[in-house]
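Each chain, written out:
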Number of protein chains: 2
Amino acid sequence: MRVKTYAFGVDIGGTTIKMGLFHTDGKLLDKWEIKTRTEENGTYILQDIADSVKDKMKEQNIRIEDVEGIGMGVPGPVDASGTVLKCVNLGWGVFNVVSRISELLGGIRACAGNDANVAALGEMWQGGGAGHENMVMVTLGTGVGGGIIINGKIVAGANGAAGEIGHFQMKKDEPAACGCGKHGCLEQYASANGIARMGRLKLEQESRDTVLKGKEPLTAKDIFDGAKAGDEVALELVEELGEMLGTALSYIACVTDPEIFVVGGGVSKAGAIVTDTIQKYFRKYAFHASADTPFALAQLGNDAGIYGSVKMVL
Amino acid sequence: MRVKTYAFGVDIGGTTIKMGLFHTDGKLLDKWEIKTRTEENGTYILQDIADSVKDKMKEQNIRIEDVEGIGMGVPGPVDASGTVLKCVNLGWGVFNVVSRISELLGGIRACAGNDANVAALGEMWQGGGAGHENMVMVTLGTGVGGGIIINGKIVAGANGAAGEIGHFQMKKDEPAACGCGKHGCLEQYASANGIARMGRLKLEQESRDTVLKGKEPLTAKDIFDGAKAGDEVALELVEELGEMLGTALSYIACVTDPEIFVVGGGVSKAGAIVTDTIQKYFRKYAFHASADTPFALAQLGNDAGIYGSVKMVL
């Protein structure tokens, strides 16, 4: 069997498409970005990707028979056959992206997955979860997402909703609504926006002096910075966040009992304070057999998607 | 390749060992039980199983080369290699049951799994989850257990604790302790004992007339019978149970998003009232993409373990 040398990893976002050329041994050789053309229901997106791949192959003198395949992360649910079920951000309806990109690239092997899941796969492969085949990635960004990896493979779920941990229903008496329409979702407390929201609510009835007062708009970063500087109110907010996330992650451990939790997303840039505080409460609420599950910070940043995408075809 | 005709499924319990002879097409040909000899740290258990298998083979004129293998469900955590980590009920410490039973049966192929997980596999194969490869089984018995099946395989977990859904921490202000040492575990409200406990607590401060008064000891069955007869207090207890379980199962759906939930264990004998009430609250709390996940009652009863055990070797 002849071993092929190259593979492409593609991370399709609503604004830009991140592209990576990899050696099949896993080394990232080159990365670049193209614009996401969402006009006309995103009809040009796959053609643009195919053209960009072909240009790169020409530039690097790569023949089609040297390419193992192309993997793509897509911002929405994708089923096992590669059919996207609706990517609102791209304007896409329901069609098979795998067969389409394969066709555009002369029959090349293709795979596709949900972007959050694909990023988790990337972190498992060469990031914070390296060395583990059973991992859960928790992404604390604009929203709260999760990627569940079992035996080295992404769990997609019957409805593409595996890993939607941002929608754990954590509070039954929450008056504010989540973007999903429910009330009391984890995301309402633990996303970057949720952390800032909880900060604002606390400040409204706070009489103590705090560095958070006057920050306009108050951000999650302000709260972590305040906590690191020893501000009492900020520290309480971080504890409350840790308790909420520690509880939620203890649920995940009761379901799949992963080898490790990897925490990524913008909020994780605050560093060890995030993982340490979550872990403190996780240990308190987790079933005893899982209580020592380690926590790590994500390492690949914005490249997690191209790493995970290419991993699907390797 | 010669196709082998027979396989054995064994479900090791603390009191009896259930044994099944199967055709490799999945048909149960014969089933019987032997006593579990727990004396001397359960040292005779595997020998007794091997002897019983050999007797059955002799009786049925089955040669060793006609046997595909033997699968065993064990009441405790088992890792992927077949090492049991401690089966308190059997007196077992840490050793490899797979290599041991294989040795005792002339090198026959063997597999082992945790009994709750194995029962889930049985229900997936020929019970309430038939036709589905991604399933979660919820067992409401003396305790609350779960079996997570992804792509037709049991998820065991890094610490053998996958599916320990009875230890979801549902209430932070619970004064009573769970058997695990924590406070507020799902099992404290939704197991047969937990349901009865909640009933007793409610009756202590109940002024309404109810059929539950005077039942001593009050059981989960009394509560379901009362609810079916329209008793207001019993109906409220069933609703509270449904809300607790519906919430917990909505968490599972946010993690693995199964195709179906199968509900088994003694409590499920109350029938559709159990699944209907859980499902009502599940639909309320689940992420919208998973809200229509179907619920089914388990079908194999006490045979689920031998079905699931044999499935591991087929």
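Cut-off values and rules
Residues numbered from 1 in each chain as written. Chains lettered and ligands numbered in written order. Predicted model: local features only at pLDDT ≥ 70, side-chain atom pairs only at ≥ 80, totals over all residues. Heavy atoms only, no water. Contact = heavy atoms within 4.5 Å. Buried area = accessible area lost by both parts, 1.4 Å probe. Salt bridge = Lys/Arg side-chain N within 4 Å of Asp/Glu carboxyl O. Polar contact = N/O pair within 3.5 Å; in protein donor to acceptor, adjacent residues only side chain to side chain. Axes fitted to C-alpha atoms, helices over the stretch in contact; angles between N-to-C directions. Helix = DSSP H or I, 4+ residues; strand = E, 2+ residues; numbered from the N terminus. Parallel < 35°, antiparallel > 145°, perpendicular 65-115°, else oblique. Left-handed = near helix turned anticlockwise from the far one by under 90°. Nonpolar A, V, L, I, M, F, W, Y, C, P; charged D, E, K, R; others polar. Buried < 20%, exposed > 50% of the residue type's maximum accessible area, 1.4 Å probe, protein only. Pairing = 2+ DSSP bridges. Least-squares fit on C-alpha atoms with pLDDT ≥ 70 in both. pLDDT = per-residue confidence, 0-100. Core = buried A, V, L, I, M, F, W, Y, C linked by side-chain atoms within 4.5 Å. Domains from an automatic or database assignment.

## Focus: the interface of chain A and chain B
Facing the 39 residues of chain A at the interface are 39 residues of chain B. Interface area, chain A with chain B, both sides summed: about 3000 Å², of which 63% is carbon and sulfur. Sorting the residues of chain A by area buried against chain B places Tyr-251, Val-255 and Phe-287 of chain A first, and these three jointly supply 21% of that buried surface. Taken together, chain A and chain B are joined by two salt bridges. With its nearest N and O atoms 3.5 Å apart, the salt bridge here joins Lys-172 of chain B to Glu-243 of chain A. Taken together, the links from chain A to chain B amount to 23 residue pairs in polar contact (both at pLDDT 80 or more).

## Things to note about the packing of helix α8 (residues 232–255) of chain B against helix α9 (residues 272–285) of chain B
Residue and element names in this part refer to chain B. With their axes 7 Å apart at the nearest point, α8 and α9 run at an angle of 55 degrees to one another. Classed by the angle they form, the pair α8 and α9 counts as oblique. The two elements α8 and α9 meet at a crossing, and its hand is right-handed. In contact with Val-238, Glu-239, Gly-242, Glu-243, Leu-245, Gly-246, Thr-247, Leu-249, Ser-250 and Ala-253 of α8, α9 contributes Ile-273, Thr-277, Ile-278, Lys-280, Tyr-281, Phe-282 and Tyr-285. Of the residues in the contact of α8 with α9, the class split is nine nonpolar, five polar and three charged.

## Here we look at the environment of Val-136 of chain A
All names here are of chain A. Within the secondary structure, Val-136 sits in strand β8 (residues 135–140). Judged by relative accessible area, Val-136 falls into the buried class, the value being 1%. In the structure, Val-136 is positioned 117 residues away from Ala-253 in sequence and 9.1 Å away in space, judged by C-alpha atoms. Beyond its immediate sequence surroundings of up to four residues, Val-136 is in contact with Gly-147, Ile-148, Ile-252, Thr-256, Pro-258, Ile-260, Phe-261 and Val-262.

## Notes on the sheet that holds strand β10 (residues 153–154) of chain B
Within a sheet, neighbouring strands are paired by backbone hydrogen bonds and run either parallel or antiparallel to one another. Sheet architecture is open: five strands sit in the order β10-β9-β8-β11-β12 (chain B), paired in mixed fashion. Unpaired on one side and paired on the other, β10 and β12 (295–297) of chain B mark the two borders of the sheet.

## A short note on the pattern of salt bridges
Enumeration according to the criterion identifies 34 salt bridges over all chains in this entry. Arg-37 of chain B is the partner of Asp-48 of chain B in a salt bridge, and the nearest nitrogen-oxygen pair spans 2.9 Å. Here the residue Asp-48 of chain B occupies a position in helix α2 (residues 45–59), and Arg-37 of chain B occupies one in the loop between β3 (28–35) and α1 (39–42), the gap between them amounting to eleven residues. By relative accessible area, which is 15% here, Asp-48 of chain B ends up buried. On the accessibility criterion, Arg-37 of chain B (30% relative accessible area) is partly exposed. Residue Asp-292 of chain B is joined to Arg-283 of chain B by a salt bridge in which the shortest nitrogen-to-oxygen separation is 3.0 Å. For Asp-292 of chain B, a relative accessible area of 57% puts it in the exposed group. By relative accessible area, which is 45% here, Arg-283 of chain B ends up partly exposed. Through salt bridges with shared partners, one network takes in Lys-202, Glu-206, Arg-208, Glu-232, Glu-236 and Glu-240 of chain A.

## Considering the pairing of strand β2 (residues 16–23) of chain B
Residues and elements named next belong to chain B. Two elements, strand β1 (residues 6–12) and β2, share seven bridges in a ladder whose sense is antiparallel. Pairing of Val-10 across the sheet is with Met-19, part of β2. By the bridge criterion, seven bridges tie β2 to β3 in an arrangement that is antiparallel. By the bridge assignment for β3, Lys-18 is matched with Glu-33.

## Description of the relation of the copies chain A and chain B
For these two chains of identical sequence, chain A goes onto chain B by a turn of 180 degrees and a shift of 0.0 Å along the axis, with RMSD 0.0 Å. Taken together, the rotation and translation relating the two chain copies correspond to the operation of a two-fold axis. Most of the interface of chain A is mirrored in chain B: 100% of its interface residues are interface residues there too.

## Quick word on the confidence of the model for chain A
Averaged over all residues, the pLDDT of chain A is 95; the fraction at 70 or higher stands at 99%. Interface scoring of the predicted complex returns ipTM 0.89; its pTM is 0.89.

## Remarks on the nonpolar core
Counting residues in each nonpolar core, the largest one holds 96 residues, and the members touching the most others are Phe-168 of chain A together with Phe-168 of chain B. Those residues in contact with Phe-168 of chain B that lie beyond four places of it in its chain are Tyr-251, Cys-254 and Val-255 of chain A together with Gly-184, Cys-185, Leu-186, Ala-248, Tyr-251 and Ile-252 of chain B.

## Re the domain arrangement of chain A
Residues and elements named next belong to chain A. Along its sequence, chain A is organised into domain 1 (6–121 + 303–313) and domain 2 (131–298). Domain 1 and domain 2 are separated by 30 Å when their C-alpha centres are compared. Opposite the eight residues of domain 1 that make contact, domain 2 presents twelve residues. Buried surface at the junction of domain 1 and domain 2, both sides included, amounts to about 710 Å², of which 67% is carbon and sulfur. Per-residue buried area on domain 1 facing domain 2 is highest for Asn-117, Ala-120 and Leu-121; these three make up 63% of the total on that side. Along the contact surface separating domain 1 from domain 2 lie zero salt bridges. Take the side of domain 1 that touches domain 2: its biggest share by element is six residues, from helix α4 (residues 115–126).

## With respect to helix α10 (residues 304–313) of chain A
The α-helix advances 3.6 residues per turn, and as a result positions three or four apart in sequence lie on the same side. The buried fraction of α10 of chain A amounts to eight of the ten residues, a majority that puts the element mostly inside the structure. Looking only at α10 of chain A, the buried set comprises Ala-304, Gly-305, Ile-306, Tyr-307, Gly-308, Ser-309, Val-310 and Val-313 of chain A.

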